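This is what each chain is made of:
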Amino acid sequence: MKENIPEKGASVQKDMETYAIIPYISGGIVDSAMLRKIADVADKYNIKIMKLTSEGRISLHGIREEDLDIIWEDLGMKPGGHLGKCVRPAKSCIGDICCKKGYQNSVGMSQKINEFYCGVSTPRKLKIAVSGCPNSCGESAVRDIGLIGTGNGWKLLVGGNCGIKPRIGKLLAKNLSDDEVIALIGKIIDYYNEQGVEKRMGAVIEKIGFEKFSQDILS
């Protein structure tokens with residue numbers, strides 16, 4: 001029986017024979033050349049199913065194991081999904097690039113977060129979402145780390161997730177600059193790793209207690 005191959009960003013599919021991959025798309029922003037390249041690869045390797053994911057990427061399904069390496073080579077892209085226990089590429093809304101309600105540049109912030117932390121090992125997968133305003137179209141409250149843009153900077157929430165037992169993230173800090181966000185996320189990831197508990201961040205915070213977690217991170 002085949003297994004997932006995290007180092008190739010490949011997840012075994014229902015038939016237990018083929019794989020799905022998700023190319024990394026920085027900030028969810030694509031151009032026509034990228035879309036053509038993905039379409040050309042799909043045609044060349046007879047990939048019948050492609051899906052726009054909730055994280056703003058494109059998943060390709062039904063890939064034979066022997067084709068994985070050459071497909072990544074043809075794409076000229078790195079994996080952006082099915083990466084195992086690590087920080088996943090940050091999700092974002094369009095933010096102040098286009099949205100009339102956007103206070104902050106959520107796309108730019110997600111790209112900056114990815115530059116620093118995407119792929120960093122963690123006890124369980126760690127998802128980050130960035131929203132440019134309190135409407136939270138990036139679904140920031142249900143991610144391990146969530147950012148929400150305001151007129152005074154960023155709010156940072158921790159401990160949210162979807163899944164079998166959904167959790168709403170709790171407010172850890174507000175009125176943060178971009179640089180303060182990057183530094184604080186680094187402290188959170190380090191602290192999470194130091195606990196050595198193989199559970200999602202929300203469960204770890206619940207075990208520690210949010211008050212102690214906050215004091216440890218913000219001190």
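Residues numbered from 1 in each chain as written. Predicted model: local features only at pLDDT ≥ 70, side-chain atom pairs only at ≥ 80, totals over all residues. Heavy atoms only, no water.

### Considering the nonpolar core
Part 1 of the reasoning: If you look at the biggest cluster of nonpolar residues, it comprises 30 residues, and the most contacted ones within it are Ile-113, Leu-156, Ile-185 and Ile-188.
Part 2 of the reasoning: Looking at this core, the element that brings in the most residues is helix 4 (residues 178-195), giving 8 residues.
Part 3 of the reasoning: Discounting chain neighbours no more than four positions away, the residues touching Ile-185 are Ile-113, Tyr-117, Ile-128, Ile-145 and Leu-156.
Part 4 of the reasoning: Core analysis: the second largest hydrophobic core is formed by 19 residues, Ala-10, Tyr-45, Ile-58 and Leu-68 among them. (Core = buried A, V, L, I, M, F, W, Y, C linked by side-chain atoms within 4.5 Å. Buried < 20%, exposed > 50% of the residue type's maximum accessible area, 1.4 Å probe, protein only. Helix = DSSP H or I, 4+ residues; strand = E, 2+ residues; numbered from the N terminus. Contact = heavy atoms within 4.5 Å.)

### Thoughts on the side chain of Asn-161
Part 1 of the reasoning: Along the chain, the position of Asn-161 falls in the loop between strand 8 (153-158) and strand 9 (170-176).
Part 2 of the reasoning: Owing to a relative accessible area of 6%, Asn-161 belongs among the buried residues under this scheme.
Part 3 of the reasoning: Looking at Asn-161, its side chain comes within polar contact range of the main-chain oxygen of Lys-165, at 3.2 Å.
Part 4 of the reasoning: Excluding residues that lie within four positions of it along the chain, Asn-161 makes contacts with Val-142, Arg-143, Pro-166, Arg-167 and Arg-200. (Polar contact = N/O pair within 3.5 Å; in protein donor to acceptor, adjacent residues only side chain to side chain.)

### Things to note about the sheet that holds strand 2 (residues 19-21)
Part 1 of the reasoning: A sheet is described by the order of its strands in space; here 4 strands give the open sequence 1-2-4-3, paired in antiparallel fashion. Sheet topology places strand 1 (10-12) and strand 3 (49-52) at the edges, where each strand pairs with a single neighbour. The sheet shows a mean angle of 25 degrees between the axes of neighbouring strands, taken without regard to direction.
Part 2 of the reasoning: Packing against the sheet, helix 2 (residues 68-75) makes contact with strand 1, strand 2 and strand 4 (58-63), and its axis sits at approximately 20 degrees to strand 2. (Pairing = 2+ DSSP bridges. Axes fitted to C-alpha atoms, helices over the stretch in contact; angles between N-to-C directions.)

Function-wise, these values are silent; they only describe arrangement.
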